[in-house]
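Chain by chain, the residues:
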Amino acid sequence: QIQLVESGGGLVQPGGSLTLSCAASGSIFDTYAMGWYRQGTAKQRELVAAMASGGTTTYADSVKGRFTISRDSAKNTVYLQMNSLKPDDTAVYYCNADGRHYFGPEADYWGQGTQVTVSS
């Protein structure tokens, strides 16, 4: 069982920056793809950014050039640096660890979510 704990959300003005953190309960980056998802009010959950176990990154078109996903293996933590924030970025952000490729369908874990609100 993998535990994921997010932090770093909050209220920020348009154009501002925030960094989200997701601490995993063990050393999982070699076998788990890590992702950040978000869900706005009355919207479906969507992928924001992901990093495969090999380090390849993927971004939603809406955040390319503004958001950066990274990880620190020594700290078992994945980050989402968010710059030039817009009101449309307002959502609950969730961290995901996907190990289904190696461990089967049950190896898909989510954090509790952290609220990001972009407003003046």
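Predicted, not measured: the structure shown is a model, and the values here were computed from it.

Calculation rules
Residues numbered from 1 in each chain as written. Predicted model: local features only at pLDDT ≥ 70, side-chain atom pairs only at ≥ 80, totals over all residues. Heavy atoms only, no water. Core = buried A, V, L, I, M, F, W, Y, C linked by side-chain atoms within 4.5 Å. Buried < 20%, exposed > 50% of the residue type's maximum accessible area, 1.4 Å probe, protein only. Helix = DSSP H or I, 4+ residues; strand = E, 2+ residues; numbered from the N terminus. Contact = heavy atoms within 4.5 Å. Phe/Tyr/Trp six-rings, centres within 6.5 Å; stacked < 30°, edge-to-face > 60°. Lys NZ or Arg CZ within 6 Å of the ring centre and 35° of its normal.

Enquirer: I tried to follow the nonpolar core on my own but got confused; where do I start?
Expert: Most often, soluble globular proteins have nonpolar side chains that are buried together. Counting 31 residues, the largest nonpolar core has Leu4, Met34, Trp36, Leu80, Met82 and Tyr93 as the members making the most contacts within it. Among the elements of the structure, strand E3 (18–24), strand E4 (33–39), strand E5 (46–51), strand E7 (67–72), strand E8 (77–82), strand E9 (91–98) and strand E11 (114–118) are those that each provide at least two residues to this core. Once residues within four sequence positions are removed from consideration, Leu80 is found in contact with Leu18, Thr19, Leu20, Trp36, Val48, Ala49, Phe67, Thr68, Ile69 and Tyr93.

Enquirer: What is the right way to look at the packing of aromatic side chains in this model?
Expert: Each aromatic ring pair is summarised here by two numbers: the centre-to-centre distance and the angle between the ring planes. In the structure shown here, the tally under the stated rule is 4 aromatic pairs. Seen in terms of ring centroids, Tyr102 and Phe103 are 6.1 Å apart; in terms of plane orientation they differ by 45°. Their pairing is tilted. Tyr102 gets classed as partly exposed once you look at its relative accessible area, which sits at 48%. In this structure an aromatic cluster arises from ring pairing among Tyr32, Tyr102, Phe103 and Tyr109. The ring of Tyr94 carries Arg45 above its face, with NZ or CZ at 3.8 Å from the centroid. A cation over a ring is seen here: Arg45 above Trp110, with NZ or CZ 4.6 Å from the ring centre.

Enquirer: I'm lost on the side chain of Asn76 in this one. Help?
Expert: Looking at the element boundaries, Asn76 is found in the loop between E7 and E8. Here Asn76 falls in the buried class, since its relative accessible area comes to 16%.

Enquirer: Quick question: what am I supposed to make of the environment of Met82 here?
Expert: As for its placement among the helices and strands, Met82 is situated in strand E8. Overall, the relative accessible area of 0% leaves Met82 in the buried class. Remark: the alpha-carbon pair of Met82 and Gly15, spanning 67 residues in sequence, is separated by 9.9 Å. Look past the residues within four positions of Met82 in its chain and what remains in contact with it is Gly16, Ser17, Leu18, Leu20, Arg66, Phe67, Tyr93 and Val116.

Enquirer: What am I meant to see in unusual backbone geometry here?
Expert: Across the chain, the bulk of peptide bonds are trans and the bulk of non-glycine residues have phi less than zero. The backbone phi angle of Ala42 is positive, close to 60°, even though this residue is not glycine. Positionally, Ala42 belongs in the loop between E4 and E5. On the basis of relative accessible area, Ala42 is assigned to the exposed category, the value being 86%.

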